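# A structural walkthrough
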There are 2 protein chains.
Amino acid sequence: MKIIITGAGGFVGSALAHRFINNTDFNLVLVDQSLADFYKYKDQLRIRLVEGQLQDSEVRAHALYDGADILFHLAAVPGGAAEANPLQSKIVNLDTTLLLCEEFSAVSRSRRFVFASTIAVLGASLPERVDDTSPISPALVYGTHKAMVELALADMARRGILDPVSLRLPGIVARPEVPSGLKTAFISNIFHVLQRNEPFTCPLSESATTWLMSIDRCVDNLVHAATMDSSLLPSSRAITLPALQCSMGDLAKKISQFLGNPSGLVSYEPDSNLEIMFGRYPPLETAAANNAGFSHDGSLENLLHCVFSRLEEHKFPSYIFGFNSHY
Amino acid sequence: MKIIITGAGGFVGSALAHRFINNTDFNLVLVDQSLADFYKYKDQLRIRLVEGQLQDSEVRAHALYDGADILFHLAAVPGGAAEANPLQSKIVNLDTTLLLCEEFSAVSRSRRFVFASTIAVLGASLPERVDDTSPISPALVYGTHKAMVELALADMARRGILDPVSLRLPGIVARPEVPSGLKTAFISNIFHVLQRNEPFTCPLSESATTWLMSIDRCVDNLVHAATMDSSLLPSSRAITLPALQCSMGDLAKKISQFLGNPSGLVSYEPDSNLEIMFGRYPPLETAAANNAGFSHDGSLENLLHCVFSRLEEHKFPSYIFGFNSHY
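With that settled, consider the overall build of chain A. Along its length, chain A carries twelve helices and twelve strands. Scaling as 2.2 N^0.38, a compact globule of 327 residues should have a C-alpha radius of gyration of about 20 Å, and chain A matches this with 19 Å. In terms of principal-axis extent, the alpha carbons of chain A reach across some 55 × 45 × 35 Å. Contacts in chain A between residues far apart in sequence, at least 24 positions, make up 75% of those at least 6 positions apart.

Encoded structure:
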């Protein structure tokens, strides 16, 4: 089975690629601007690295030239960067994605296209309860372009030229502590800072609510989206993923307990903009996702176990321990 | 005041252009592939004709070069043609529209952009009652691209780079009896055929329901969208227009009464695809539109009066009687 992963150098893409990389059942095409972490696999015939910008048609042609069974499209200009440069977001998140769909459709038979969408398509002023009937109402450039692609994918599915699944990801933790262009970086940073036993100033209030998923469970869900029967999907082909729902106060308390930190490391200085955009997640019901076999981490304890196992691993060179999932 | 109208050679665009054409308060830029009907105005300094394809950047540059107060964007690949050629729809209905928005934003200060959207964004399997909370769920290429543009316009409004209004038009009657690429041509043809006292075979059932608006009332609503205070609009900037709701049987009966036709001219041979797509319009509530000052024709009698006055006029050369609205 042949798999293409765009954005394979990123946080989610890299974890996804490592799920397959030691399994000889799979041929992999990894695509990103930089794939330095994968150079060690360069000589393996079943792994092909394509470095470059996806908006470059030659890069897409190189990635797609002999087709694939599954394409995971994770490459994107993330939320904060998209907001700072809407034109760049349009080029990458909208125009390039639509071209990639058409080109993948032309060269592939099975055409399963797994698209990393986002809960940001639902917008900032969420209803009292979010479920599968909640309206699409993006409040930022990033969510707007993701929502536009979701509509295009639904239409391509209807026309039978692509077999897409749009997965709306919640906050995935714990991203590396580097500038990522994400407005929600603080939700990952709390894990890193508390692991170092350092004080953390949370830019949301203690009662702010969020939706979370571990990177390992995120990869589980992406793989499920790639292999599941499309008859289980709604005609929109868009799935709001289940997520663990917790308050920032609960999250901080559970992390400190898990790590055995002293109390008082976490203080709260809410930023009113961030609070409105990212601190008011209401109860979430994901019947369509549950019926289709997607799931969240089960408990905050499970999530913390995943996150800190992975952070422990990464204290050592990844080529020794690998990135393989704990699920 | 300067106004640009794209698609000015089309049914709606032409009626809109004629609303302004004899009023010296307005400078007009009319854009379409063919503007033959407007050649007689060529020598008027306040009317500029731009013939060409809007996807041609030089044509857009020519149309936009000195900006405008209002841009009506009516040019589109219509529903049937879009379904037959999705790529052409993408180029014109999506890509070109987004470029036009950006280019108009760059050259204009007021930036009111009136976009002809469609009730097709709501899809084919409509809920029991359609209102302003009904989900966007387009069932065809045309509605998909219109819905994608609606999302982009809402985001441009939020970012303050455009002052858009997306008007979701219902069936507008009576279009000329020519191949138009519209799947709903039969809804206009019933007016023409019965006016000639000829038998009409309706491809929907007698009990099929539809939403209608006269071309004159459509122009009223477009003009209102161009001049209204944007504070009356929802943040989506999308307005589902009010429409007269009637069954095909009622419509046929009222037309025959209005024209004094003999009975029995209309027979029904429902096409199951057309019936599903265009014959099951549920009750429609348009609170947002009503609050913002939009309206339908008031009664089927008013609508018939408009439609047949206009058809009468067009038996004579339009340059004698003009296309001026009856409202």
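A few words on the environment of glutamate 313 of chain B. Take glutamate 313 of chain B: it is sitting in helix 11 (residues 300-313). Judged by relative accessible area, which is 14%, glutamate 313 of chain B ranks as buried.

Screw-axis analysis of chain B against chain A gives a translation of 0.0 Å along the axis, an RMSD of 0.0 Å, and a rotation angle of 180 degrees. The operation mapping one copy onto its partner corresponds to a two-fold rotation axis. Taking C-alpha positions as the reference, the residue of chain B nearest the rotation axis is methionine 148 of chain B, at 2.5 Å. Of the interface residues in chain B, 100% have counterparts in chain A that sit at the interface too, so the contact is made through matching surfaces.

With that settled, consider the nonpolar core. Grouped together as the largest cluster of nonpolar side chains are 128 residues, with contacts concentrated most on Phe191 of chain A together with Phe191 of chain B. With residues up to four places along the chain from it excluded, the contact list for phenylalanine 191 of chain B reads Val173, Ala174, Leu251, Ile255, Leu303, Leu304, Val307, Phe308 and Leu311 of chain B. Formed by 43 residues, the second largest nonpolar core is a distinct cluster that contains Leu28, Ile47, Leu167 and Phe294 of chain A.

With that settled, consider helix 8 (residues 248-259) of chain A. In this model, helix 8 of chain A (twelve residues) spans 16 Å end to end at C-alpha, consistent with the 16 Å of a helix rising 1.5 Å per residue. Contact partners of the buried residues in helix 8 of chain A: helix 6 (185-195), strand 8 (200-202), strand 9 (209-214), strand 11 (244-247), strand 12 (266-268) and helix 11 (300-313) of chain A.

Counting residues at the interface gives 20 residues for chain B and 20 residues for chain A. Summing both sides of the interface, chain B and chain A together bury roughly 1,700 Å²; the carbon and sulfur share of this comes to 64%. Its largest share of buried area at the contact with chain A, chain B owes to Met148, Leu151 and Arg158 of chain B, together 32% of the area lost on that side. Arginine 158 of chain B is paired through a salt bridge with glutamate 83 of chain A; the nearest N and O atoms lie 2.9 Å apart. At the surface where chain B touches chain A, the tally comes to six residue pairs in polar contact (both at pLDDT 80 or more). Contributions of two or more residues to the side of chain B that touches chain A are made by helix 4 (86-107) and helix 5 (141-159) of chain B.

This paragraph deals with the pairing of strand 4 (residues 70-73) of chain B. Residue and element names in this part refer to chain B. By the alternation rule, side chains of strand 4 split into Ile70 and Phe72 and Leu71 and His73, which are all buried. Of the strand pairs in this sheet, strand 1 (residues 2-6) and strand 4 are connected by four bridges, and their pairing is parallel. Bridging across to strand 4, isoleucine 4 finds its partner in leucine 71. One ladder, built from four bridges, connects strand 4 with strand 5 (residues 112-118); its direction is parallel. Within the sheet, the bridge partner assigned to phenylalanine 72 lies in strand 5 and is valine 114.

This part covers the sheet that holds strand 11 of chain A. Residues and elements named next belong to chain A. If you walk across this open sheet you meet the three strands as 7-9-11, and the pairing is mixed. Every interior strand has two partners, whereas the edge strands, strand 7 (171-173) and strand 11, have only one. Each adjacent strand pair in this sheet contributes to an overall mean axis angle of 45 degrees, direction not counted. When strand 9 meets strand 11, the two strands line up antiparallel, connected through four bridges.

In a beta sheet, neighbouring strands pair by backbone hydrogen bonds and run either parallel or antiparallel. Residues and elements named next belong to chain B. Pairing within the open sheet is mixed, and its three strands lie in the order 7-9-11. Edge positions in the sheet fall to strand 7 (171-173) and strand 11 (244-247), since each of these pairs with one other strand and no more. The sheet shows a mean angle of 45 degrees between the axes of neighbouring strands, taken without regard to direction. In the packing of helix 6 (residues 185-195) onto the sheet, the strands contacted are strand 7 and strand 9 (209-214), and the crossing angle to strand 7 comes to about 20 degrees.

What counts, and where the lines are drawn
- Residues numbered from 1 in each chain as written.
- Chains lettered and ligands numbered in written order.
- Predicted model: local features only at pLDDT ≥ 70, side-chain atom pairs only at ≥ 80, totals over all residues.
- Heavy atoms only, no water.
- Helix = DSSP H or I, 4+ residues; strand = E, 2+ residues; numbered from the N terminus.
- Rg over C-alpha atoms; globule rule 2.2 N^0.38 Å.
- Contact = heavy atoms within 4.5 Å.
- Buried < 20%, exposed > 50% of the residue type's maximum accessible area, 1.4 Å probe, protein only.
- Least-squares fit on C-alpha atoms with pLDDT ≥ 70 in both.
- Core = buried A, V, L, I, M, F, W, Y, C linked by side-chain atoms within 4.5 Å.
- Expected span 1.5 Å × (residues − 1).
- Buried area = accessible area lost by both parts, 1.4 Å probe.
- Salt bridge = Lys/Arg side-chain N within 4 Å of Asp/Glu carboxyl O.
- Polar contact = N/O pair within 3.5 Å; in protein donor to acceptor, adjacent residues only side chain to side chain.
- Pairing = 2+ DSSP bridges.
- Axes fitted to C-alpha atoms, helices over the stretch in contact; angles between N-to-C directions.

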